[in-house]
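Architecture at a glance
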Amino acid sequence: MFSRKFSFSACLLLFLFAAALPAAAQLPPAKTTLGPKPPQGMGGCAVDKPTCAEVAPAIIKSALGKSPLEENLRYLTDAIGGRVTGSPAADRAVGWAVEAFRKSGVDEVHTEKFTVPVGWSEGRTRLEILAPEPFSVRLVAFGWSPPTPAAGITADIVDVGKGDEAGFAIAGASAKGAILLVHTELLETLDQLFGEYMGAPPIIDRAVKSGAAALFWMSSRPSLLLYRHSSTMTGELDRLPMAVLAREDAGRIARFLAAGEKVHVHFNMPNEVTRPITSENVAAEIRGREKPDEFVILGAHLDSWELGTGALDNGCNAAMVIDAARAIHAAGIVPRRSIRFILFTGEEEGMVGSAAYARAHRSELDKMDAAVIFDEGTGHVTGFSLGARKDIVAAVNNALQPIVALGAGTHTTDAIFGTDNLDFMLEGVPTLVANQEPANYLINYHAASDTFDKVDMAELKRQVAISAVAAYGIADRTERLGPRQSRAEIEALIKESGFDQQMRGFGFWPLWESGARGRAPQ
């Protein structure tokens, strides 16, 4: 038998060549029954035992070789398209995911329902410039924004600069009854994107307090590119009508205002808002050979915004999770603990699907070893963010040693707000969120340009290998990564790391304090 180092490296070079082979076709979803379950406990072995040095290369061979990954993703994005939570497209995506998981060879797959406070879709949003000169303005509704009154809003636009206290002070009493225009910087970094989200709640607070009729956000993307965000953390409707304006059009309006000319408009945004809606998470499982009641989650979100087709955010990683299950099964190995492969919905509305899953499975969380989450397109994976858990660094390095050769061995102890690890982290469970290079993620984020052609398939196959080996490596360790923390330990951790400031900035802190999200107060 080869040494672990030689066996892993040699197999990796061979299997990188196999990645160039064409992908097998994945048929559209069909109503079929789940086939016979594969035998349990056969062929499983621990990654960290020298006698099992070929486990990681076997998974990598399956991940980088011929697979239905590309056709799965093409069908999800091109045929189903954008998948707003609660929409018919989102429901179709759930059916697609169930069938794709069944074809992957998992032991079991099912859906779990939860409720979102309201359903939402955009109507025919229009802005008519009445003065000083008519011109076309391209705009889209802000996600989960209430509609304008049926007759629309006829008002002046008032510039509030960046929407800070100084901008509102300059606007003064003119903000009341007006539509406020907020300027943005061109989006170039993840920190700036984070700043967009952090900055929105206080700006909305100021707009509401000022008595504004509506709020316009200048697009932070160039070339008339439009996108959709939301500011809700609970799936509830936001507080006033809001829209995103094409950057060039917003700039034209701002120049009129700077020249001292009044910009008078009629704004009509007939968003459709419904009663509470039912959505579904999709859950599949490969059961562990020794400790099947203990488990690791490998997850991504299935929902998306619908201006584009949700390829980078986050269709690519939904397809990746399914293919990671296939790669592990195809390698003929079974981990010590179970691996649950979860596709969450409701992520874009405040991670409500993963929150619902955490609540529904709270009685099992003492036996949950980790949540491994991917949510940043197909940029190069450099390692994982460990949710401020310095106590698990050594264990993670040990469990994930095989992915170092894939360039994913640099882990960080920061904490990330804004994806489906959040409620597991706040339940005290170790979490790992993929750290990725931005690549083309930012320019296409939530935008009309987020389509299948933006996906780097070679990197995505590499992500399948990384995610599958990581999930297997954690699930197969003799010891768990770390204990589940108590609420007091969680609160100390988030304050020490500064994560509480992120939670406050997003308006999330009251949900933690009340016990509505995270580990319940004792």
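Further up the page is the structure itself.
Residues numbered from 1 in each chain as written. Predicted model: local features only at pLDDT ≥ 70, side-chain atom pairs only at ≥ 80, totals over all residues. Heavy atoms only, no water.

Okay, the layout of surface pockets next. A volume near 730 Å³ is recorded for the largest pocket. Broken down by secondary-structure element, the contributors of at least two residues to the lining of the largest pocket are α6 (190-210) and β16 (431-436). Of the residues forming the lining of the largest pocket, the biggest block, 5 residues, is contributed by α6. When the residues that make up the lining of the largest pocket are grouped by side-chain class, the tally is 15 nonpolar, 11 polar and 7 charged. Counted as a void, the second largest pocket has a volume near 430 Å³. Lining the second largest pocket are 22 residues; nearest its centre among them are H183, T184, E185, G195 and E196. Sorting the residues of the lining of the second largest pocket by element identifies α6 and β7 (214-218) as the ones contributing at least two each. No other element matches α6, which puts 8 residues into the lining of the second largest pocket. Residues belonging to the lining of the second largest pocket are distributed by class as follows: 11 nonpolar, 7 polar and 4 charged. (1 Å grid on protein atoms, 1.4 Å probe; cavity = no way out; pocket = protein on both sides within 12 Å on 5 of 7 lines; lining within 4 Å. Points joined across faces, edges and corners; volume = space filled by probe spheres on them. Helix = DSSP H or I, 4+ residues; strand = E, 2+ residues; numbered from the N terminus. Nonpolar A, V, L, I, M, F, W, Y, C, P; charged D, E, K, R; others polar.)

We now examine the sheet that holds strand β11 (residues 277-286). Pairing is mixed in the open sheet, where 7 strands are placed in the order β1-β11-β13-β12-β14-β16-β15. Of all the strands in the sheet, just β1 (108-116) and β15 (381-385) have a single pairing partner and so form its edges. With strand direction ignored, the average angle separating the axes of adjacent strands in the sheet is 25°. Most of the contacts of helix α12 (residues 457-475) go to strand β13 (residues 337-344), to which it runs at about 135°, and overall it touches β12 (291-301), β13, β14 (368-373), β15 and β16. (Pairing = 2+ DSSP bridges. Axes fitted to C-alpha atoms, helices over the stretch in contact; angles between N-to-C directions. Contact = heavy atoms within 4.5 Å.)

Turning our attention to the pattern of salt bridges. For the structure on display, the rule yields 28 salt bridges. Residues R340 and E364 are paired through a salt bridge, measuring 2.7 Å at the closest nitrogen-oxygen approach. In this pair, R340 sits in strand β13 while E364 sits in the loop between α9 (352-360) and β14, placing the two residues 24 residues apart along the sequence. (Salt bridge = Lys/Arg side-chain N within 4 Å of Asp/Glu carboxyl O.)

Counting through the fold element by element, S467 comes out in helix α12. Judged by relative accessible area, S467 falls into the buried class, the value being 0%. (Buried < 20%, exposed > 50% of the residue type's maximum accessible area, 1.4 Å probe, protein only.)

Attention now moves to the nonpolar core. Counting 100 residues, the largest nonpolar core has F101, L302, F341, F384 and L432 as its most contacted members. Ignoring sequence-local partners within four residues, the contact set of L302 consists of L76, R83, A93, V94, W96, A97, V282, A318, L343, F344 and T345. The next biggest cluster of nonpolar side chains, apart from the first, holds 35 residues, and it includes V137, L245, V265 and W305. (Core = buried A, V, L, I, M, F, W, Y, C linked by side-chain atoms within 4.5 Å.)

Quick look at the side chain of T125 now. Residue position: T125 is located in the loop between β2 (119-121) and β3 (126-131). A distance of 2.7 Å separates polar atoms of two side chains, one belonging to T125 and the other to E122. Those residues within four positions of T125 in sequence are excluded, and the remaining contacts are L139, A141, F267, N268, M269, P270 and N271. (Polar contact = N/O pair within 3.5 Å; in protein donor to acceptor, adjacent residues only side chain to side chain.)

A word on the sheet that holds strand β5 (residues 153-159). A sheet is described by the order of its strands in space; here 7 strands give the open sequence β3-β9-β5-β6-β7-β8-β4, paired in mixed fashion. Each of the sheet's edge strands pairs with one partner strand only, and the pair in question is β3 and β4 (139-141). For this sheet, the mean inter-axis angle between neighbouring strands, taken without regard to orientation, is 30°. Two elements, β3 and strand β9 (residues 264-268), share 5 bridges in a ladder whose sense is antiparallel. Bridge pairing in β9 links E128 to H266.

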